[in-house]
Amino acid sequence: MLVSAHLVILPIILPMLAALLQLLPWGAQPQRYRRAIGILASVLAVLLSIQLLIAVNQGPLVYALGNWQAPFGIVLVADKLSALMILLTNLLALPVLIYSCYGEDNLGSHFQALFQFQLLGIIGAFLTGDLFNLFVFFEVLLISSYALLMHGGGKLKLRATLHYVLLNLAGSAVFLISLGVLYGITGTLNMADMANKVALLTGDDATIARAGGMLLLVVFGLKAALLPLYFWLPQAYATTTGAVAALFAIMTKVGVYSIIRVFTLIFGVDAGAASLLGYDWLWWLGLATLGIGAIGVLGSRDLRAVIAYLVVISIGTMLTTFSMNSERAISAVMFYMLHSTLITGALFLLTDVVAEQRGKTASRIVKGRKMAQHGALGMMFFIAAIAVIGMPPFSGFIGKLFILEAARTGAQVALLWPLVLGSTFLMMIALSRAGSRMFWHTLDGKPGEVRHPTGQLTAITLLLATIVGLTIFANPVSSYTQAIANDLVHPSAYKNAVLGTGVSDVK
């Protein structure tokens, strides 16, 4: 009963409590206890996420903090979209945390607690029902990410982190300005209430609301790494550690989620004079992001940078597809998001192992010596490469097929199809080149002596297994994403749950 009554807030409370416990001294060997707390919290988080995913099938769940009802009080809202994003976050976090427990968490202070605080910010952003608390949770995840990017130290990390911090500080300032604009014209920051009030605006008031909405699009575009605000991502992801980069595979999806949530709920088809705000911009900027990402993949000479640009490609693909504004398109975006997040997380971890075992050549795409676990790593890379490219039978092929099917008009087919298929071809060239030089054409001589624990390879295997599972269960997963798309296009159930009789009174 306790779990069911507080099911919506528990995914936030759990990482917060875990982080606070991990900050305690814990005697002579504190890391052992901190790791145990982190793993236990992550396992429980996965179980809670599954329970939440099942619970929201009956409709959105609303948790009114302090029993203050919306729109005046703070509410957390769990619907099909947020529940799926929370499950995705925890399915990624558990293998990444297992991987980091084999020594990577010793490279800097308080890695375990920062990891949990990062999850707190990400999950909070998925659950919040008002824009101001979206800003608050953005700041929580950003402050944690600043420290995690510097994990292990180094000049390259310092420079990349500095760029990342400065850009996000500017983004935070713009976020606050946009909130002030929207609050001034609507008198509310609750998203469901704002959606109702924006729909009634006309004339200059509607113009001001559109300006505030476009500022939000800039902020969310920065978080998602949308062109021209993407340039922080390749350097930041390519210079940090493998575990941090793998966790950050979900962080850009917070920006994508925010765009999907705000621009379907507040500025969707029912927003009156502000309806479908920014969709045209998302179409062209998404296409450009997709193209730039493909060029970056082909031009990169380091495997870490290649994977970072794969993240850029995924962002461009998702936002371009979303801008087509149909249930089919939104469903395709959600399926592809699951695939791209999990597979890029696996690739970042795999590249980290490969770089350590290759010695001086590290992750550079040049001929090097054989690795101590050459066969196992080569097989993992082969599976991950064909999955991320989008070759059958893996989920990448299914996700891209859904995206291509969502393009129905002549302009959509003429522009989206060539860019998606062209980027796929360039990805195949880049990853084939990397696999050939790093795993096939190796230098003669004795293999390297660095071997990684079975636990770390198991963590990578777990992420690859989720891709296999996504492929096997593609039909029920796509049915669920279709239900998400239907709820987003017709958000009346969300609004009624938050503002109407469907609100849960919870203290």
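Naming follows an unreviewed UniProt entry, where the protein chain appears as Monovalent cation/H+ antiporter subunit D of Pseudidiomarina sp. PP-1MA. Listed under Sequence similarities (unreviewed entry) in UniProt, the entry text for the protein chain is "Belongs to the CPA3 antiporters (TC 2.A.63) subunit D family."

(A) Quick peek at the overall build of the protein chain. Counting secondary structure elements, the protein chain contains 21 helices and two strands. Scaling as 2.2 N^0.38, a compact globule of 507 residues should have a C-alpha radius of gyration of about 23 Å, and the protein chain matches this with 22 Å. If you line up the protein chain on its principal axes, its C-alpha atoms span 75 × 60 × 40 Å. Going through the 507 residues of the protein chain one by one, you find that 60% of them count as buried.

(B) Region of the structure containing the side chain of Thr-161. Position of Thr-161 among the secondary structure elements: in helix α7 (residues 155-186). We classify Thr-161 as buried; its relative accessible area is 6%. Setting aside chain neighbours within four positions, we find Thr-161 in contact with Tyr-146, Leu-149 and Met-150.

(C) Inspection of the pairing of strand β2 (residues 75-78) at higher detail. Residues Val-75 and Val-77 line one face of β2 and the alternating positions Leu-76 and Ala-78 line the opposite face, and both faces are buried. In the sheet, strand β1 (residues 61-64) pairs with β2 via four bridges, with the strands oriented antiparallel. Directly across from Val-62, in β2, lies its bridge partner Val-77.

(D) Representation of the packing of aromatic side chains within the structure. If you walk through the whole model with that rule in mind, you get 18 aromatic pairs. Arranged with centres 6.1 Å apart and planes meeting at 75 degrees, the rings of Phe-138 and Phe-220 form a pair that is edge-to-face. Of this pair, Phe-138 sits in helix α6 (residues 131-149) while Phe-220 sits in helix α9 (residues 203-224), and the two are 82 residues apart along the sequence. In textbook terms, an aromatic cluster arises when at least three aromatic residues are bridged by ring pairs, as seen for Tyr-146, Tyr-164, Trp-232, Tyr-237, Phe-248 and Phe-348.

(E) Local environment of the packing of helix α4 (residues 80-100) against helix α19 (residues 454-472). With their axes 8 Å apart at the nearest point, α4 and α19 run at an angle of 165 degrees to one another. With respect to their mutual orientation, α4 and α19 come out roughly antiparallel. Note on packing geometry: the crossing formed by α4 with α19 is left-handed. Between α4 and α19, the contacting residues are Leu-91, Leu-92, Pro-95, Ile-98 and Tyr-99 on the first element and Gly-455, Gln-456, Ala-459, Ile-460, Leu-462 and Leu-463 on the second.

(F) Region of the structure containing a nonpolar patch on the surface. A cluster of nonpolar side chains, contributed by Leu-40, Val-43, Leu-44, Leu-47, Ile-50 and Ile-54, occupies part of the molecular surface with about 530 Å² of accessible area. Take Leu-47: it is sitting in helix α3 (residues 30-55). Since its relative accessible area comes to 51%, Leu-47 is described here as exposed.

(G) Highlighting the pattern of salt bridges. For the coordinates displayed, the defined rule picks out five salt bridges. Across the salt bridge formed by Asp-105 and Arg-35, the nearest N and O atoms sit 2.8 Å from each other. Placement of the pair is Asp-105 in the loop between α4 and α5 (111-127) and Arg-35 in helix α3, with a sequence separation of 70 residues. According to the relative accessible area criterion, Asp-105 is buried, its value standing at 1%. Ionic pairing is found between Asp-193 and Lys-197, a salt bridge with its closest N-O pair at 3.6 Å. Highlighted residues: Asp-193 and Lys-197, both in helix α8 (residues 191-198), separated by four residues, approximately one helical turn. Judged by relative accessible area, Asp-193 falls into the buried class, the value being 10%. Accessibility expressed as a relative area gives 32% for Lys-197, which makes it partly exposed.

(H) Region of the structure containing the confidence of the model for the protein chain. Averaged over the protein chain, the pLDDT score is 90; the fraction of residues at 70 or greater is 98%. Note on residues 501-507: pLDDT under 50 across the span, and 22 contacts to partners over four residues away in sequence or across chains.

(I) Local environment of unusual backbone geometry. Here Leu-227 and Pro-228 are connected by a cis peptide whose omega angle stands at 5 degrees. With respect to the element layout, Pro-228 can be found in the loop between α9 and α10 (232-239). Look at the link from Pro-392 to Pro-393: it is a cis peptide, with omega at 10 degrees. Within the secondary structure, Pro-393 is located in the loop between α16 (374-389) and α17 (395-406). Although it is not a glycine, Leu-276 sits at a positive phi angle of roughly 55 degrees. Looking at the secondary structure, you find Leu-276 in the loop between α12 (251-265) and α13 (279-299). Residue class for Leu-276 comes out partly exposed when judged on its relative accessible area of 33%. The phi angle at Asn-325 is positive, at roughly 55 degrees, despite the residue not being glycine.

The rules we used
Residues numbered from 1 in each chain as written. Predicted model: local features only at pLDDT ≥ 70, side-chain atom pairs only at ≥ 80, totals over all residues. Heavy atoms only, no water. UniProt positions renumbered as here; feature names shortened; annotations may be inferred. Helix = DSSP H or I, 4+ residues; strand = E, 2+ residues; numbered from the N terminus. Rg over C-alpha atoms; globule rule 2.2 N^0.38 Å. Buried < 20%, exposed > 50% of the residue type's maximum accessible area, 1.4 Å probe, protein only. Contact = heavy atoms within 4.5 Å. Pairing = 2+ DSSP bridges. Phe/Tyr/Trp six-rings, centres within 6.5 Å; stacked < 30°, edge-to-face > 60°. Axes fitted to C-alpha atoms, helices over the stretch in contact; angles between N-to-C directions. Parallel < 35°, antiparallel > 145°, perpendicular 65-115°, else oblique. Left-handed = near helix turned anticlockwise from the far one by under 90°. Patch = residues over 30% accessible without salt bridge, like charges linked within 9 Å, V, L, I, M, F, W, Y side chains within 5 Å. Areas by Shrake-Rupley, 256 points an atom, 1.4 Å probe, with all protein chains shown as cover. Salt bridge = Lys/Arg side-chain N within 4 Å of Asp/Glu carboxyl O. pLDDT = per-residue confidence, 0-100.

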